[in-house]
Amino acid sequence: MQFDWMKIPYALLTLFIVVNFGMILTALVAKIAARVGRRRGIRIWQNYADLFKNYGLRSSITHGAMFYLGPVFRLTGGIGLLLFVPTIYGSYVFSNLSFAGDLILALYFIFFGTLGMALGAAESGHPHAAIGVSRGLSQVTTAELPLALAVFSVALQYHTLSVTAIVAAQQGGIEHWTLFTNPFAVAAAMLAFLGSMMRPPFDVVSAPQEIPIGPPTEYHSSYLAMMQTNRAIFPIAKIVVYMNLFFGGAASWPVFCLKVFLIYMVSVFIGVVFPRFRVEQSIRWFLIWALPLGVLAIVLV
Amino acid sequence: MIHLAMATGFLLILIGFYGAVSNRNILRMIVAFTIADSGVNLVIVAIGYMPGRTAPILDATVKAGYAAARIIDPVPQALVLTAIVIGVGVTALMLAYAYKLYEKKRSLDIAKFTELRG
Amino acid sequence: MLSPLYLVAAALAASFTLGLLNPKRSGAAYAITLVTLAFMAWVPAGWLWGFMAEGAQPVEIYTAGALPPYAINLRMGLAEAAMTLLITLTGLLSALYLKESLIKLGHRGMAVLMVALMAFCGIVLTRDLFNLFVFFELAAISTAGLILLSEDERALSAGFKYLIVSQLVSTFLLIGILFAYHASGTLNLDTMASARLPHGSAPSFALAFFLMFIALVTELKPFPANGWALDIYESAHPAYSALFSAAAATASLYAVDKLLLVGGPGWYPMATGIGITTFLAANLFALPQGNDRRLLGYSSLAQIGLILVVLGQRDLLGEGTPFIAFGLLVSHAVAKAGLYWLSGLVGGRSLTDWAALRGRPLLVFAFISFVAMLTSLPPFPGFYAKWELVRVLAGEGRLALLALILIGALVEAGYLFRWFGYMLKREAPAEAVNGEPHQVVPVYVAVLAGWVLGYFWGELSGVGLGHHNLLLSLPLAFALGFLLLDWLPAWVKNTLAITGMVAFFFLTYAEYDPLRLIFALIFLIGGAITLLASYDAHGRRIGFYPAAMLMYAGMVMLVRANDSFEFFAAWELLTLGSYFLILRGKHSEPHALSYILFSLGGAFLILAGFALAAGGAAQFPITALGQVAPAVAPWVFLLLATGFMTKTAAIGLHIWLPGAHAEAETDVSPMVSGILLKAGLFGLFVLLMAMGKQRLYGVELTHVLLWVAAFTALLGNLMAVFQEDAKRLLAYSSIGQMGYALFGLALMNHLGWLMALMFVINHYIYKSMLFLSVGGVAKRTGTREMYRMGGLIRLMPLSFIAVLIGIIAISGVPPLSGFGGRWIFYNAILASDYRLPMVILFLAGPVAFLYLFRLIHSIFLGQLKDELRRVKEAPFWIALPQMLYVGLLLAFALAPGLALRRVDTYLNLFFPEGGLHWEGFEITSDYGYWNPVAIMIVVAVIFVSLFAWLLFVNRRAQKVKQFNIVFSAERPFRPETTHFAWNFFAPYRKALGFLVQPYATTFWGALTDFLHTAGDLARRLYDGNGQSYALHFLAFVVIVFGVGV
């Protein structure tokens, strides 16, 4: 196997674009959410300011090796997820490092950062961190289930696990998108999407008023900066997977930006309208509402 | 005649069995078994009896040459002797037990010797 | 060869001589007795040697100068020689054992003993019915006499009850004999048998025969006419009980056998019916017994009932009857005599009092040898007999009888192994066992005899049925060799064990196909790596190595087995070995019991399955499973699969696993979890390779397996989530993991099997590693409750690394090897016909994160407790294998092809479609692709770059103290209230806790309770009253007559 070294600068380019896009997008989303509440919201470049501030902070402590590595795991997870999936369909430059593995790699790599982060947070010894992890893991068991079923359904539908091949199969018009060819799978996956975006009604993990921001509670300065970087990348990387699987992928950056924004907005719309679920409530909700859709998706495909 | 003997024998056996299971006194039980034993012996003799023949003793009236056709079957009679001897032995042993049991509990009630059970 | 008449003559002569002797010279009398008994044993021994080695022919011994039927004749044949030897040897050893009480009793007691033995021999030898009656009466009188001389006062009433019943019996017998004589004109058994044809159908002869038969059968203590026998067993001197159980039963059995030959096949069903009823009832009643001797008594009744069944199946077993009947009989006689002798060494009469034996390893070994003999485990004669019996019964379609036998045998194993557990685990009484040499020697002789007989039966089975003698197989011999080496220090034995296992692998590795090679690697090399941890143990570690090596030997033999016999023998050996291993844990007594019961239950299913498949054939190669007739094939599949699934702890059959794995010793848990569980998977592999898909009533059985597997995975994982005990958590996790592996197998496609194999390898590595880490932690902290720990990462970094790597691997997160399993899984389910079971499995996947996080968090992260501040890293020898496993896991993550590629090709034999393509580092399937090396490099590069960046920007970070955190506006100071660990997933329990209600445990608990209660209620039948026993006998006669006619 011959490795093309140019893939590295290309991948970094993708990363660069996505980081900046993510910074602005999350700020924009925050602003929109604020406007819904009749507030002005943050400035659009606020994320950059926070990032620079946090990297610049001098006070810095550590609770131990695992605590130190937590943000590294977290950001590795975000970047890895982004790079294991082709970003722009048909582009060699933005196919990233997807030669390493297929859709399953992406699906399981989502947990890499989560797990490492949870371990790091736990070493801080802060009970809120542990409580947050307990909640997050509990919720994820059923929240991921519809997505797994949807992915299974899509793979059955297209007879492949290669993301590129799945996108290729959806080309040629909007009616070829999985959204229309396999609506139950998409519906199930989008409900799972709500559960993974840390927005209401599924944000009990970091519940700011109750267990101040949950797992990352002890993280500060450059740790926090790394995690903020991840917060810009990770949702986008996840949405890229959704976009590729269900919404026809993107053949160019403008389409990419539009689709990512719109998919992101789904969770924002729901989030500003609904109050927060407790853990057992959201578990039941996923089992009662999302699971049947997923089952239908694999049965009917 | 032969049927009467056999019926009597079986009746004795039944009486003996009934007595053995209905009397709680150990000595009475032993007596009951002796009655049953007698019944058994009677039955055995009755089995060996053949009408119109004589006792299986070779003497002047019964010549050895014709004996097979003239005497009754000697085997049960021989066996009954053994059975009687054995019966005596068993009865003696049971009496020895009765003695020892009485020594132990000063009672001959079989229902009092039930410490082993289950 | 001396005339058998000497048996009678010597006993009588010696008895009369004793009578002439001065009563004060008890010592001399005792010497005469011993010499006489030795002589009596010598006579049949010579004959047996003659028959076996010199090919002598059976002889008739005539008496009174006339030929039968006019005079009594005796016969000495092979069976007679063996039985009289058994009787006289038991008598000799019992007399030895009885030294003190015989000398105290004086010459009368000795004379009675000799007469009793003579009577037993006479019963065996005689061919004359009336003579049989006489010997029986002699036996009864002398037995009652012996009881009369017992020390226990309660024995008096028992003896009298015995006399009451024997009076009734002799009445029936005598009348029966005389009527039979009347009907057939002869008292000679042989002429009566040949005269049977004209008379056999005559009602008078049938009635006479019934009377004789019922009387003789009553001597075998059939249910319910056996209360008197139990009382004797319980109260008589144990040496008498040994005689009563071994010698008297042998004689009576042979008498019944002789009579049955006269009666002919028409009477066989009656014998079978009485036998099986007794077998079941006695085993059931034994269950609630607390008194050791009474329990042994019940067990005796059961065993003899079983042999009666064998005699009743003579029409099927034919020529094989003696092999089976004798196999069971000698096992019973040797073991029961040995156990009764042992019971004389134990002070208390409660089962738990046997813990006193614990200080004497040789006696413990004797005890377990006897238990293994009674439960027909290899390599004892009963094992070969059981195999043969089941083979024939299944071959001829007597399945109901077969099922009843196996159920009864399982109940019997239940109370015997429970007892063994008491002995090893309960608190030992203050008074130790101080067996005099003359009391201990008989026990040892019995043990030795048991093993020799085991060898002998192996040879017989080899000659007659072409089986391999188990004791000659190298792995088993190696394992048993450790019994002789147990005096060596543990480290020497450990080195020997490791060397042996590795050497055996290198000697044989060329013989395995790729699939078996993987299993052989795990069993032998994997076992050797795990054994490294055993260097940590000090002292001699008595009993550990024979048990461990027995388990490994069983596993190796399993992989090497070619036919069903070898396979099953290996299965039982590994079960037995692992049972001993598990039992070694401090609190593992109840768990080891439930393990052995589930395992034996599973083994019986396997036995029945193989027997059904073989259809009566003596040799049945494993591969022939594929050619089983379609009518029985699904049933065979069902039996075998269920049997194997008891080992892999499929849901419903899983309840033994958590306790067994959690309570085992530190280095045993990885063996029984990481390695032993694979035996069940191997069995399933073998089964599915040979039989493929099977349909039963239109239901595809592999589809059912798929659902079972999915629920096993889900519920195993869910139950793991709610554990507080770290080792129990890992144990439940194993259930879940085995569910995955089973799921892969049940998918019945190429990648599914590859996935199962991947789980086999992965689970071996990470579960061994995790059990060692957690075991090391538990050793250091003194607890297994995770919430009592916390913050150990700094104190036990190596253990932490092992757990970290382990949980990443189990969770399936790239880049470690667990991901490979998940990737193959997805590809496998895409190729499968079924979809709905996947839903359950998808749910199970993320649940694993919950317990894995909990494991590492509660132990290593969070708050360090004050009392654990001085805890040290795990001992070197426990940490070393963990680090090896870390290396293995990484290697397997990078290059799964090393292990899988050849198997992948091999699986093409079964599923030509859907294999993987291996090109360089890239692995491609029909659906997707995967490049483990690339993943590893990408992840590593990103990780290292970011880490370097963080180090750079964060270079001034200070390490802070433990409580340098603030929450709820307070600074915490107590680790106990700050460490969030107990009931970690409380909300999850609220949401899904209903799924983990212990229904299976409740079900099995209710079943055992029911059996206990039923046994306890029913045994009240034996109310201790002699008259009730007489009525029982009469009722028995009436019932048998009613049913028989």
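Residues numbered from 1 in each chain as written. Chains lettered and ligands numbered in written order. Predicted model: local features only at pLDDT ≥ 70, side-chain atom pairs only at ≥ 80, totals over all residues.

### Here's the deal with the overall build of chain B
Applied cut-off: By the criteria applied, helices consist of DSSP H or I runs no shorter than four residues and strands consist of E runs no shorter than two, each listed in order from the N terminus. For this measure, only C-alpha atoms enter the radius of gyration; the expected value for a globule follows 2.2 Å times N^0.38, where N is the number of residues. Each residue is classed by its C-beta neighbour count within 10 Å, where at least 20 other C-beta atoms makes it buried, 12 or fewer makes it exposed, and intermediate counts make it partly exposed; the C-beta atoms are placed from backbone geometry.
A tally of helices and strands in chain B yields four helices and zero strands. In sequence order, chain B lays out its α and β elements as α-α-α-α. Taking 13 Å as the expected radius of gyration for a compact globule of 118 residues, we find that chain B reaches 20 Å, considerably beyond that expectation. Principal-axis analysis of the C-alpha atoms places the extent of chain B at approximately 60 × 25 × 25 Å. Burial statistics for chain B: of 118 residues in total, 31% are counted as buried.

### Considerations on the overall build of chain A
The criterion, for reference: Each residue gets a C-beta atom placed from its backbone, and two residues are in contact if those atoms lie within 7 Å.
Secondary structure assignment for chain A yields 11 helices and one strand. Secondary structure elements of chain A occur, N-terminal to C-terminal, as α-α-β-α-α-α-α-α-α-α-α-α. Overall size of chain A, expressed as C-alpha extent along the three principal axes, is 55 × 50 × 40 Å. Within chain A, the proportion of its 301 residues that are buried is 59%. A separation threshold of at least 6 residues defines the contact pool for chain A, and within that pool the share at least 24 residues apart is 80%.

### Structural notes on helix H12 (residues 238-263) of chain C
Residues and elements named next belong to chain C. Quick note on the threshold: Every helix has an expected span of 1.5 Å times one less than the residues it contains. What we call the bend at a residue is the angle made by axes fitted to the seven residues finishing there and the seven residues starting there.
With 26 residues, H12 ought to run about 38 Å at 1.5 Å a step, and its terminal C-alpha atoms sit 36 Å apart, in line with that. Helix geometry: H12 is bent most strongly at Ala-249, by close to 30°. By the criterion of burial, H12 is predominantly enclosed, with 25 of the 26 residues buried.

### Observations regarding the environment of Gly-739 of chain C
Residues and elements named next belong to chain C. Locating Gly-739 in the fold gives a position in helix H31 (residues 726-746). Residue Gly-739 is classed as buried on the basis of its C-beta count, with 29 C-beta atoms lying within 10 Å. Expressed as a C-alpha distance, the spacing of Gly-739 and Gly-450, which sit 289 residues apart in the sequence, is 40 Å. The residues touching Gly-739, leaving out its near neighbours within four places in the chain, are Ala-709, Ala-710, Thr-712, Ala-713 and Gly-716.

### A look at helix H25 (residues 564-583) of chain C
Compared with the 28 Å implied by 1.5 Å per residue over 20 residues, the 28 Å span of H25 of chain C between its first and last C-alpha is a close match. For H25 of chain C, the tally of buried residues reaches 19 of 20 residues, placing the bulk of the element in the interior.

### Considering the interface of chain B and chain C
Inclusion rule: We call Asp, Glu, Lys and Arg charged. Ala, Val, Leu, Ile, Met, Phe, Trp, Tyr, Cys and Pro are nonpolar, and the rest, Gly among them, are polar.
With 32 residues of chain B at the interface, the matching set in chain C holds 37 residues. Of all the elements in the fold, those that place two or more residues in the side of chain B that touches chain C are helix H1 (2-22), helix H2 (26-48) and helix H4 (74-105) of chain B. The leading source of residues in the side of chain B that touches chain C is H4 of chain B, at 15 residues. Here the residues of the side of chain B that touches chain C sort into 24 nonpolar, four polar and four charged.

### Observations concerning the interface of chain C and chain A
Many authors give the size of an interface as the accessible area that is lost as the parts come together. The line we're drawing: Pairing between strands requires that DSSP locate at least two bridges from one strand to the other.
With 66 residues of chain C in contact, the opposing surface of chain A contributes 68 residues. Those elements that place two or more of their residues in the side of chain C that touches chain A are helix H33 (797-811), helix H34 (817-830), helix H35 (836-860), strand E7 (929-930), helix H38 (932-953), strand E8 (958-959) and helix H40 (986-992) of chain C. Examining the composition of the side of chain C that touches chain A, we find that 11 residues originate from one element, H35 of chain C, more than from any other. Of the residues contributing to the side of chain C that touches chain A, the split by class is 45 nonpolar, 14 polar and seven charged. One ladder, built from two bridges, connects strand E1 (residues 61-62) of chain A with E8 of chain C; its direction is parallel. Looking across to E8 of chain C, one finds that Thr-62 of chain A is bridged to Lys-959 of chain C.

### So, the packing of helix H7 (residues 154-184) of chain C against helix H10 (residues 203-218) of chain C
All names here are of chain C. As a reminder, the rule being used: Every angle, taken between N-to-C directions, lies between 0 and 180 degrees, and every axis is a line fitted to C-alpha atoms, over only the stretch in contact when it is a helix. Any angle that falls under 35 degrees is termed roughly parallel, while one over 145 is termed roughly antiparallel, one within 65 to 115 roughly perpendicular, and all others oblique. In a left-handed crossing the near helix is turned counterclockwise from the far helix by less than a right angle, and in a right-handed crossing that turn is clockwise.
Relative orientation of the contacting elements H7 and H10 amounts to 150°, with a least axis distance of 7 Å. The orientation of H7 relative to H10 falls into the category roughly antiparallel. Read as a crossing pair, H7 and H10 show a hand that is left-handed. In contact with Val-169, Phe-172, Leu-173, Ile-175, Gly-176, Ile-177, Phe-179, Ala-180, Ala-183 and Ser-184 of H7, H10 contributes Ser-204, Phe-205, Leu-207, Ala-208, Phe-209, Leu-211, Met-212, Ile-214, Ala-215, Leu-216 and Thr-218. Residue composition of the contact of H7 with H10, grouped by class: 17 nonpolar, four polar and no charged.

### Examining the nonpolar core
Put simply, the rule is: We call a set of buried Ala, Val, Leu, Ile, Met, Phe, Trp, Tyr and Cys residues a nonpolar core when their C-beta atoms link them within 7 Å.
By size, the foremost hydrophobic cluster in this structure holds 586 residues, and its most contacted members are Ala-188 of chain A together with Phe-120 of chain C. For Phe-120 of chain C, the residues in contact, after removing those within four places along its chain, are Ile-87, Ala-139, Ala-247, Ala-248 and Ala-251 of chain C.

### Re the environment of Val-40 of chain B
Looking at the secondary structure, you find Val-40 of chain B in helix H2. C-beta crowding within 10 Å serves as the criterion here: with 26 such atoms nearby, Val-40 of chain B is assigned to the buried category. The sequence separation of Val-40 of chain B and Ile-26 of chain B amounts to 14 residues, and the corresponding C-alpha distance is 21 Å. Leaving out residues up to four positions away in the same chain, Val-40 of chain B has contacts with Gly-9, Ile-13 and Ala-83 of chain B together with Thr-171, Leu-174 and Ile-175 of chain C.

### Focus on the confidence of the model for chain B
Residues and elements named next belong to chain B. Quick note on the threshold: As a per-residue measure, pLDDT reflects the predictor's confidence and takes values from 0 up to 100.
Across chain B, the average pLDDT comes to 87, with 97% of residues at 70 or higher. Least confident of the elements in chain B is helix H3 (residues 67-70), whose mean pLDDT is 72; most confident is H2, at 93. This prediction of the complex comes with two scores: 0.94 for pTM and 0.96 for ipTM.

### Description of the arrangement of the chains
Among two pairs of chains with at least one contact, chains A and C form the most extensive contact set. Chain A makes no contact with chain B; the smallest distance between any of their C-alpha atoms is 54 Å.

### As for unusual backbone geometry
Following Pro-200 of chain A, the chain continues into Pro-201 of chain A via a peptide bond in cis, with omega recorded as 5°. Take Pro-201 of chain A: it is sitting in the loop between helix H8 (183-196) and helix H9 (221-246). Going from Pro-814 of chain C to Pro-815 of chain C, the amide bond is cis rather than trans, its omega being 10°. Within the element layout of this structure, Pro-815 of chain C appears in the loop between H33 and H34. Despite not being glycine, Met-198 of chain A has its phi angle at roughly 60°, a positive value. What makes Met-198 of chain A partly exposed here is the crowd of 17 C-beta atoms within 10 Å.

### As for the environment of Gly-775 of chain C
Among the secondary structure elements, Gly-775 of chain C is positioned in helix H32 (residues 750-781). In this structure the C-alpha to C-alpha distance between Gly-775 of chain C and Phe-370 of chain C, which are 405 residues apart in sequence, comes to 34 Å.

### A look at the sheet that holds strand E6 (residues 922-924) of chain C
Strands sit in the order E5-E6-E7 (chain C) across an open sheet of three strands; the sheet is antiparallel. At either margin of the open sheet sits one strand with a lone partner, and together these are strand E5 (917-919) and E7 of chain C.

### A few points about the packing of helix H5 (residues 107-125) of chain C against H12 of chain C
Helix-helix packing is characterised by the crossing angle of the two axes and by the distance between the axes. All names here are of chain C. Close contact between H5 and H12 brings their axes to 8 Å; oriented N to C, the two are set at 25°. Between H5 and H12, the angle is such that the two are roughly parallel. Between H5 and H12 lies a crossing whose hand is left-handed. Side by side, H5 and H12 meet where Leu-117, Phe-120, Ile-123 and Val-124 of the first sit next to Ala-247, Ala-248, Ala-251, Tyr-254 and Ala-255 of the second.

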